[in-house]
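Secondary and tertiary structure notes
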Amino acid sequence: MLAPINWLKQYVEISLPTEELMWRLTEIGLTCEKLQKINGEDVLDIETTPNRPDWMSVLGIAREIAAIENKKIKPPKTEEINYPKKDILPIKLNVDFNLFERWTAITIANIKIGPSPKWIQDTLKSVNLRPINNVVDITNFVMYELGLPMHAFDYDEIKGKEMTVLLSKGGEEFTSVDEISYKLPKNAMVIKDKERIIDLAGIKGGFNSGIKNSTKNILLHITINNPSIIRRTSISLGLRSDASAIYERGPDKGGTIEALKRAVNLIIKYAQGKPASKIIDIKKTDFRPQKKEVNLDYLKQVLGIEIPKKRILSILESLDLSPSIKGSKITCKIPTRRSDIKDKEDLAEEVARIYGYNKFPKTLPRGELKKEKIPYLKDHSVQNTLRNILVACGFFESMNYSLISEENLKKCLLENKNWARIENPVSKDFEFLRPSIIPSLILATKLNQTKKKIKLFEIDKVFPSEKYKLSGICKGITFRKFKGIIETILETLEIKDYKIIKEVKEKVWHTRRSARIVTNKTELGVFGEINPKVKENFGIEGEIWAFELDIENLKSLKSSKLFKDISTYPPHIEDITFILPEKTEIGKVINSIEKTSGLIEKTKLISKFKNAWTFRIVYQSQSKTLDDKEIEKLRNKIIKNIERIYLGRVK
Amino acid sequence: METEEILNLKNEAFAQITTAQTKEELENIRVAYLGKNGKITNLIKKIKNITPEKRNKYGRTINSTKQNIENLLFERKQQIIEELEKKEEWFDLTIPGIKPQIGSKHPLLETLKEVENIFRYLGYQVAEGPEIETDYYNFEALNIPQDHPARDMQMTFYLNLKDEKGNPKILRTQTSAMQVRVMEQIRPPFRVLVPGRNFRYEQVDASHGFEFWQVEGFVVDKDISLTDLFGTIDFVLRELFGENIKLRFATTNFPFVEPGVDTYMSCTICNQKGCPFCKNTGWSEIMPAGIIHPNVLRRGKIDPEKWGGFAFAIGLSRIVNLKYRISDLRTLNTPDIRILSQFK
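From a predicted model like this one, the values you see are computed outputs, not experimental measurements. (Residues numbered from 1 in each chain as written. Chains lettered and ligands numbered in written order. Predicted model: local features only at pLDDT ≥ 70, side-chain atom pairs only at ≥ 80, totals over all residues. Heavy atoms only, no water.)

**Examining the overall build of chain A**
- When its secondary structure is counted, chain A shows 19 helices and 31 strands.
- The globule rule puts the C-alpha radius of gyration for 651 residues at 26 Å, and the 40 Å found for chain A is more than 25% above it.
- A principal-axis box enclosing the C-alpha atoms of chain A has dimensions of 130 × 60 × 45 Å.
- Counting over 651 residues, chain A shows a buried share of 54%. (Helix = DSSP H or I, 4+ residues; strand = E, 2+ residues; numbered from the N terminus. Rg over C-alpha atoms; globule rule 2.2 N^0.38 Å. Buried < 20%, exposed > 50% of the residue type's maximum accessible area, 1.4 Å probe, protein only.)

Below is the structure:
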């Protein structure tokens, strides 16, 4: 909302310097961060909240300034209208109270269309409106001044001298007063004369009944429209006007007659017309000020301070809420323009904001704390452990968008299994909620492709399940170093006894170089190399290793760490080299060595030459020093097992 | 065995010891003379073969020789240690070290942890909820019915998924969606913090994004007041940004609070000189809040005549930007290692 300072000054004396005025307006709710210079005028640019239709008018803003400055408001004076004894230009209005709660109209004869006076033109220019002619300019001026949209029709174009408000069937052609054609959606609110649609109610007037230079007689009206219908229609047509913005907020139902009179006064003065009917005023109910109450004890409790009674009353008075007090009960008479004040908490806000939020002391709640755990409790302990490990392993944590394009998902060769899609995306680039974090990490690899070494990870929800995954991607490290990271993760969480199964369905992974990590019942995730086809799709080179693990499942298998006493007996350490057949799975070999006896503390692969694999084996007992004989027995058992199961032999 | 021979052995050892330069050399000398098979040790072993008349004198000579060698070894060792410390040498301490390759945590989640800790200190419990929401929890329950103009400020993404009533599910536009979800399941008093991601239909630029993070908080108790809300906001922002920040409160309107509060903090990016981030105002809108509207409490099955509450939402993405002086919101979602590695 634009409010020229000189225009405001016509209704209220302003003594605050402009910058301070802007902050005080912001403080009481009219966010005012910019001062514009339009047509040579200083103009406040105010963001108004949807609860305050009255702020969509210069007078409404002036009322707030009057409250800040504690000054009297001088609203424009209207003069009585000399109605004709008998309606000269009669009109019949057929109302539907579900659509219009109020319909206030008058006809005016013998208008002389021409330019409006310079002061009206200048005023309109200062709020970025283009002057058109005296009648249209006056309706715009009064709308801006009082916050009630009004419209003037060429009376002679209203066929049958009858107007009916109804809902469109959909598909009707409508040309607006600015000569733009629309195909109407279903259930738009329109006004028809005997033959045709002449108005898109609350949004734009029709071209067919608009004011032309030749117009002689007019019908001027103000309607109070169903705000939901206006909103739906203006959104579906993409047609937001100043009027529709006011209607969506719900303008002053009690103010139509005064506003109409104001416009009629100006039209008679500047367009030489003569009233040709009485004011027709059809209304659903009488719109009168409502009584609302607020208790001093409540105010003290909710505000946290005791504002003196006198001050409270003067604040309410300055807002024109006519307070009266009886005991601790204040009763206000709420003018119809303040339909936002519905209950005591609204009155509490009125008192607090004018008193000044920044004058309040600051306290902390003193109540007791809840002992029980709340629902939806957030437990990210595993996530935090994982983040610590990965950062120590040299990984950078990224946070990519959850939204991704279909193209990128397809480039990853992922298959659409109930992906969550946005019906109204900002762009095709951000249409899907990612079903996996891997595509984002592949894109990140591409972004960082000049780096020789890349280690990135991310812990986030995937969709639509909203389950947390831990994903990582690495470039520039060997497979064994990559695998070591996954082993470290599992070891830190004390997850043992998992199997590596080489059956991965998702094609984002290399068929031969990827596997699932599985325990008895639980799928922990997948790791391996990215499919060369996927790399080609993204234009990335080099070996790229990645993993995606399921946080919930990691959490369910995590066990607590228990301390194990350090053996006081010395270990016996020896290296054994086995010649093993090709395609032997070394992980399994180490597993079976370790399982040979509880006295084998640790087995480690230390070197490899051709098909000769050297393992370092640590024998140790918790209860005694192992002698040579016992060691030999164990060694023979190991060798026998390897010979039997893997067809290997000792070198 | 002659005493002379012992003397020679002693001189030999003395010569070696005085010329030795390192602790290792000394140790070798010790082993060579006094070790298990050392030259002196071997002489001691032979004492029993010597005639009793000579044995006494011989024994004394050899013992004193052993003692002398040991003493000299000790002295020389002290000298060498002394020299190690005093020796003139060139040692460049400015030469760059070789750093271990550690990674970094994302600044948004690190900041979130900090925020959560501050609130835990104030007795809040932390919750998290769904990002795929129903219109009911995101809007209706919060006093924002269909066709309410407040929906304009939160343009919504609709999904191809349906709720039980067959209405399209949405991506939540605000963490406030969790207020009624939590209220439905517990009784006051409570203090709850709900961090999380939200989505709004917005074109991406330096200060807008279609994904952003908020930290929602709400407290329901007896005697909750506006001063408690101001005090909480003040405490939390000063914990996060230090005592030097300036704060100011303004009235605003959200249908689910009344009175409504907006919080402006002095822009830390430009030190209030004016920058694109604060739209040249010197102030950043950072923490909208208010007293919970009775209608919302009713939806959460809480009697507004008995209980009251306040709620707030911290723009977490914005906090991170202000904290690290990042002027473009998109930075946090760009997985460029040159960016991420700055947060080590």
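Continuing now.
**A look at the packing of helix H2 (residues 23-34) of chain B against helix H3 (residues 39-46) of chain B**
Residues and elements named next belong to chain B.
- Their axes nearest at 3 Å, the elements H2 and H3 cross at an angle of 20 degrees. Here H2 is positioned roughly parallel relative to H3, judged by the angle of their axes. Here H2 contributes Ala32, Tyr33 and Leu34 to the contact with H3, which in turn contributes Lys39, Ile40 and Thr41.
- A class-by-class count of the residues in the contact of H2 with H3 yields four nonpolar, one polar and one charged. (Axes fitted to C-alpha atoms, helices over the stretch in contact; angles between N-to-C directions. Parallel < 35°, antiparallel > 145°, perpendicular 65-115°, else oblique. Contact = heavy atoms within 4.5 Å. Nonpolar A, V, L, I, M, F, W, Y, C, P; charged D, E, K, R; others polar.)

**Some thoughts on the pairing of strand S2 (residues 31-38) of chain A**
Residue and element names in this part refer to chain A.
- Relative to strand S3 (residues 41-47), S2 runs antiparallel, the two being bridged by seven bridges. Following the sheet pairing, Ile38 is matched in S3 by Glu41.
- If you look at the hairpin formed by S2 and S3, you'll find two residues sitting between the two strands, and Asn39 has a positive phi there, around 50 degrees. (Pairing = 2+ DSSP bridges.)

**Section: the sheet that holds strand S22 (residues 454-462) of chain A**
Residues and elements named next belong to chain A.
- With mixed pairing, the seven strands of this open sheet are ordered in space as S19-S22-S23-S27-S26-S25-S24. Strands with a single pairing partner mark the edges of an open sheet, and in this sheet they are strand S19 (396-397) and strand S24 (499-501).
- Along the sheet, helix H12 (residues 381-392) contacts S19, S22, strand S23 (467-475) and strand S27 (544-550); its crossing angle with S22, the most-contacted strand, is approximately 170 degrees.
- Lying on the sheet, helix H15 (residues 479-492) is in contact with S22, S23, S24, strand S25 (509-518), strand S26 (523-530) and S27; it crosses S27 at an angle near 15 degrees.

**Remarks on the pairing of S3 of chain A**
- Both strand S1 (residues 2-4) of chain A and S3 of chain A contribute to a ladder of three bridges, which runs antiparallel. Bridge pairing in S3 of chain A links Pro4 of chain A to Val43 of chain A.

**With respect to the pattern of salt bridges**
- Enumeration over the complete set of coordinates arrives at 79 salt bridges over all chains.
- The partner of Glu372 of chain A in a salt bridge is Lys370 of chain A, with the nearest N and O atoms 3.3 Å apart.
- You can call Glu372 of chain A partly exposed: its relative accessible area is 45%.
- Between Arg181 of chain B and Glu133 of chain B there is a salt bridge whose closest N-O contact spans 2.5 Å. Here Arg181 of chain B is found in helix H7 (residues 178-183), whereas its partner Glu133 of chain B is found in strand S2 (residues 132-133), with 48 residues between them in sequence. When sorted by exposure, Arg181 of chain B lands in the same class as Glu133 of chain B, which is buried.
- Salt bridges sharing partners connect three or more residues here, namely Arg52, Asp54, Glu64, Arg338, Asp340, Glu350 and Arg353 of chain A. (Salt bridge = Lys/Arg side-chain N within 4 Å of Asp/Glu carboxyl O.)

**Remarks on the sheet that holds strand S16 (residues 290-295) of chain A**
All names here are of chain A.
- Pairing within the open sheet is antiparallel, and its three strands lie in the order S16-S18-S17. With one partner strand each, in any of the chains shown, S16 and strand S17 (324-326) form the two edges of the open sheet. When the angles between neighbouring strand axes are averaged without regard to direction, this sheet yields 25 degrees.
- Sheet analysis places S17 next to strand S18 (residues 329-334), joined by three bridges and oriented antiparallel. Along S18, the bridge assignment pairs Ser324 with Thr331.

**Topic: helix H9 (residues 296-303) of chain A**
All names here are of chain A.
- For H9, the set of buried residues is Leu296, Tyr298, Leu299, Val302 and Leu303. Within H9, the buried residues cover an arc of 160 degrees as seen down the axis, which keeps them to one side.
- One side-chain oxygen of the residue at the start of H9 lies 2.9 Å from the amide nitrogen of Asp297, identifying that residue as Asn295.
- One or two positions beyond H9, positive phi appears at Gly304, with a value near 85 degrees. (Arc of directions from axis to C-beta. Polar contact = N/O pair within 3.5 Å; in protein donor to acceptor, adjacent residues only side chain to side chain.)

**Digging into the packing of aromatic side chains**
- Counted under the stated rule, the structure contains 33 aromatic pairs over all chains.
- Look at Tyr401 of chain A and Phe430 of chain A: their rings are 5.7 Å apart centre to centre, the planes differ by 80 degrees, and that puts the pair in the edge-to-face class. Of this pair, Tyr401 of chain A sits in the loop between S19 and strand S20 (403-404) while Phe430 of chain A sits in the loop between helix H13 (406-411) and strand S21 (432-433), placing them 29 residues apart in sequence.
- Ring geometry for Phe230 of chain B and Phe249 of chain B: centres 4.5 Å apart, planes at 35 degrees, overall tilted. Of the two residues, Phe230 of chain B is situated in helix H8 (residues 226-241) and Phe249 of chain B in strand S7 (residues 247-251); the sequence distance between them amounts to 19 residues.
- Pairwise contacts between aromatic rings join Phe395, Phe457, Phe479, Phe482, Phe527, Trp545 and Phe547 of chain A into one cluster.
- It is Lys161 of chain A that lies over the ring of Tyr155 of chain A; its NZ or CZ is 4.5 Å from the centre.
- We note Lys222 of chain B situated over the ring of Trp307 of chain B; from NZ or CZ to the ring centre the distance is 4.0 Å. (Phe/Tyr/Trp six-rings, centres within 6.5 Å; stacked < 30°, edge-to-face > 60°. Lys NZ or Arg CZ within 6 Å of the ring centre and 35° of its normal.)

**A short note on the side chain of Thr49 of chain A**
- Positionally, Thr49 of chain A belongs in the loop between S3 and helix H3 (58-69).
- With a relative accessible area of 9%, Thr49 of chain A lands in the buried category.
- Polar side-chain contacts of Thr49 of chain A include one of 2.6 Å to the side chain of Asn51 of chain A.
- Residues contacting Thr49 of chain A, with those up to four places away along its chain left out, are Gly29, Trp55 and Arg249 of chain A together with Thr252 and Asn253 of chain B.

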